Amino acid sequence: MQAYRILTGFITSMMILAGGQWSIAATAPHGPYVEGEVLVKYRENRAPERAVHYRSMWRMSTVRTFEKSDIRKVRLPADMTVSQAVALYHSDPDVLYAEPNYRFRLQTVPNDDDMARLWGLVNTGQNVNGTSGTADADIDADRAWDLETGSTEVVVAVVDSGVDATHPDLAANIWTNPNETNNGVDDDGNGYIDDIHGWDFVENDNQPIDSHGHGTHVAGIIGAVGNNGIGSAGVCWRVSIMPLRFITAADYGTTADAIEAIEYADNNGADVINLSWGGPDYSLSLKEAIDAVDALVVCAAGNEGGNLDDVPLYPASYESANILSVAASDADDHPAWFTNYSDSLADVAAPGTDIFSTVPDRQTLLSEDFSSLSDWSVDGSAAWGLQSIYGNEVLTESPAGNYTNDMDAWARLDPLNLSGLNGTRLDFYITGNTAGSGDRLFVEASTNGTSWTQLWVGLDDGPVQAITGTINAWQLAVADLKAYDGAASLYIRFRFVSDASGTADGYLIDNLAVTCADTTHGINAYQYYQGTSMSAAYASGAAALIMAQKPLLTPTEVKLAIESTVEVKASLAGYVATGGRINVYNALVSMAAVDLQSRATSTDRIDLDWTALEPVDSGFEIQRRAASGDDYTTIAIVGIAEREYADSGLSDGTTYVYRVLTLSGGDHTGYSNEAAATTPRSVSAGIADSGGGGGGGCFISATGGEGHLWGHLNLAALQLLGTSAAILLAWLQIAHPRRRRQCMGATSPHLKVHSRSSRKGLDRIR
């Protein structure tokens, strides 16, 4: 695995002095970036000439040009810093911009791994992972599944830490490149050999295996196979998940790899691109790459608990038309305690706490509790050894006390055989401190025990190439070993180096493990995570479900459908621009293929009429539910020419909710909005007023040519009113034949999308 060094340097402006020294005026970036690389955008007509100039004059070579944006990744000479290179480019009028190749981190907070319910899909107020929620604080997935369960024609790219494509709850929904075969040849000519199920942009191979777990968890929220009798279910039961790995097990990825993955997704037909990660630095390169794609790009708002207006997180904070930025809500429809927020930069909220989903199962190759050093060798300096801490043996570079000045000592694990294995990684727990930044602990790997590569180590505060400073409490450290998958022998060692400026107690290491991907997928193949990463995945799943039902919608139309149909919550006001949490059922119904109207015509009858907005093949299925219930019952199936139905034999003073589904053979192909009406209360019930419990029943209606002049009058009520009142009512109808006053259960305005090419667009109705 190629090693990088994180810098905390500067974006600079500079000039070259006569003495050949760099004069730098610096502005500090907020986050880490890759040493020795920058991203550059030339003016279009000057790009080839200027690239040659920088190669010949400064030994700055272009290693990759991104197709859609024409951004170039440039490798710097060894004696030039990133700050100096950026400043040099900024002084050139033929350069539009230059910037560091920033690193990004995943947006998640891992939690327990017990089995649980999927409250984000269906919330009954049940106890989930020790917390009870509020009924219906969910995305109404169960109601949405009555209308649509997804389609493998919709492709969702998960640009993340990879995806476990063998997971039994994901395997059937993994994207397959239709133009590629496993033959060692780039069959489709896209520059990637045998990219049958996605690509790994870290190791540049066709195995985007998830040794972290995050990408698989995200993929399961979007599209774990539904109704298969095992595990969890995604928002989409059927979908094509495209695994694209650019983040390692140590939780870091670069801008350049992200851009390449995003361009790959777009070039290979992704409809939705899920980006559940972020960083503090504004990268114009990344923004241009996102702006250039045709897909809807769904981004996690971040987990710092801050206002994005004050401290942005990218890419979620880019003001791009195709980005949907998602904050996290909890099981009570409150903002999650960790979520970033903004009433302008965060668009919607979605479930993000105690989210249960798929993760890769892991096989343990080696587990070391340091009860002895039988599997270890040391360099003979007697520096490394075991130390007893409250009766527990741990590994340390200085078991007798403080380490010494000018140390360079190692402890090496006996070689491991990784033949036939993949997705390997190293985990260990660490605590301790050093006297200064010159005292460092390295984790190194080798296939021959002679030449060593320093590994990046993921810690709570981010990935590092050398561990230094104070770690107050035990924390998990992770190193990615995927670059060594299949190696016949792999050596791992800890190497401690100190300078001459002071000493300290050093580091303690315990509970080391080397693991790899496992295909048995037992109870550990599902876990709880929480974070805006999970929230973004819910929104991506909702977008994919909408696209399955309305394949002709543009990404902008899908984004609008999600935003305009949120459940507005007072608790979310000021936290997201829409003030609400997504509701995929509302979004689907907002694009109804049928416009349904309902009205009560007597104490036991409600009349329905509808207009079909799209062609109908076979007929209509009419369904009804009680206002207080969620389950629809089919009450009639009528022919293709029918546009009216009278539902009789109903209870008085009762609200009923209706919908109409379009049929092709026996399949549902479309649906209407929901329409509610309330039957009036009968006279015998002792109601002497205008009737109609719940706002229903009292109305004066004239249909103006529909043939129902008196059909909507309550005859029993007329008898009570007397002759004079009856004459007055009749006069009102004759004088105002097109006036309708209805006191019935009101239906909410809904968004209607016409997906036929002749009427494509979004229209507000009612």
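Residues numbered from 1 in each chain as written. Predicted model: local features only at pLDDT ≥ 70, side-chain atom pairs only at ≥ 80, totals over all residues. Heavy atoms only, no water.

What's the story with the overall build of the protein in this structure? I'm lost.
Looking only at helices and strands, one finds eleven helices and 48 strands in the protein. Summarising the internal contacts of the protein: among those between residues at least 6 apart in sequence, 73% fall at separations of at least 24. (Helix = DSSP H or I, 4+ residues; strand = E, 2+ residues; numbered from the N terminus. Contact = heavy atoms within 4.5 Å.)

Would you explain unusual backbone geometry in this entry?
Tyr314 connects to Pro315 through a cis peptide bond whose omega is 15°. Positionally, Pro315 belongs in the loop between β17 (296-300) and β18 (323-329). You will see that Asp136, though not glycine, has its phi angle at about 75°, which is positive. Counting through the fold element by element, Asp136 comes out in the loop between β10 (131-132) and α3 (141-145). Using a relative accessible area of 37% as the deciding quantity, one classes Asp136 as partly exposed. The backbone of Asp251 sits at a positive phi, close to 70°, despite the residue not being glycine. Turning to its location among the elements, Asp251 is positioned in the loop between β13 (238-245) and β14 (253-254). The class of Asp251 is buried, set by a relative accessible area of 11%. (Buried < 20%, exposed > 50% of the residue type's maximum accessible area, 1.4 Å probe, protein only.)

Looking at this model, I keep getting lost on the pairing of strand β4 (residues 33-42). Mind explaining?
The side chains of a regular strand alternate, first on one face of the sheet and then on the other. Burial within β4 is extensive, with nine of its ten residues counted as buried. Sheet topology note: the β4/strand β6 (residues 72-75) ladder contains four bridges and is antiparallel. Within the sheet, the bridge partner assigned to Leu39 lies in β6 and is Lys73. (Pairing = 2+ DSSP bridges.)

Would you mind showing me how to read the packing of aromatic side chains here?
Centre-to-centre distance and the angle between the planes together describe a pair of aromatic rings. Scanning all chains against the criterion turns up 25 aromatic pairs. Here the aromatic rings of Phe201 and Tyr264 are separated by 5.9 Å at their centres, their planes lie at 70°, and the arrangement is edge-to-face. Of the two residues, Phe201 is situated in the loop between β12 (199-200) and α4 (214-223) and Tyr264 in helix α5 (residues 255-267); the sequence distance between them amounts to 63 residues. For the residue pair Phe201 and Tyr264, the accessibility class agrees, reading buried in each case. Three or more aromatic residues joined by ring pairs form one cluster here, namely Trp175, Tyr192, Trp199, Phe201 and Tyr264. The ring centre of Trp456 lies 4.5 Å from the NZ or CZ of Arg103, which sits over that ring. (Phe/Tyr/Trp six-rings, centres within 6.5 Å; stacked < 30°, edge-to-face > 60°. Lys NZ or Arg CZ within 6 Å of the ring centre and 35° of its normal.)

Please clarify how empty space enclosed by the protein should be interpreted in this entry.
The gaps of empty space that remain are located by a probe, the size of a water molecule, rolled over the atoms. In total, this model carries two cavities of 30 Å³ or more according to the counting rule given. What the largest cavity holds in volume is close to 50 Å³. If you trace the largest cavity, you find it lined by Leu118, Leu121, Gly220, Ile221, Ser232, Ala233, Val235, Ile355, Phe356, Ser357 and Tyr538. Where the lining of the largest cavity is concerned, the elements lending two or more residues are α4 and β20 (355-358). Examining the composition of the lining of the largest cavity, we find that three residues originate from one element, β20, more than from any other. Split into classes, the residues belonging to the lining of the largest cavity amount to eight nonpolar, three polar and no charged. Volume-wise, the second largest cavity comes out at about 30 Å³. What lines the second largest cavity is simply Asp146, Leu147, Gln549, Leu661, His668, Thr669, Gly670 and Tyr671. Looking at the lining of the second largest cavity, the element that brings in the most residues is strand β43 (residues 667-671), giving four residues. Looking at side-chain class alone, the lining of the second largest cavity contains three nonpolar, four polar and one charged residues. (1 Å grid on protein atoms, 1.4 Å probe; cavity = no way out; pocket = protein on both sides within 12 Å on 5 of 7 lines; lining within 4 Å. Points joined across faces, edges and corners; volume = space filled by probe spheres on them. Nonpolar A, V, L, I, M, F, W, Y, C, P; charged D, E, K, R; others polar.)

These values are about where atoms sit, not about what they do.
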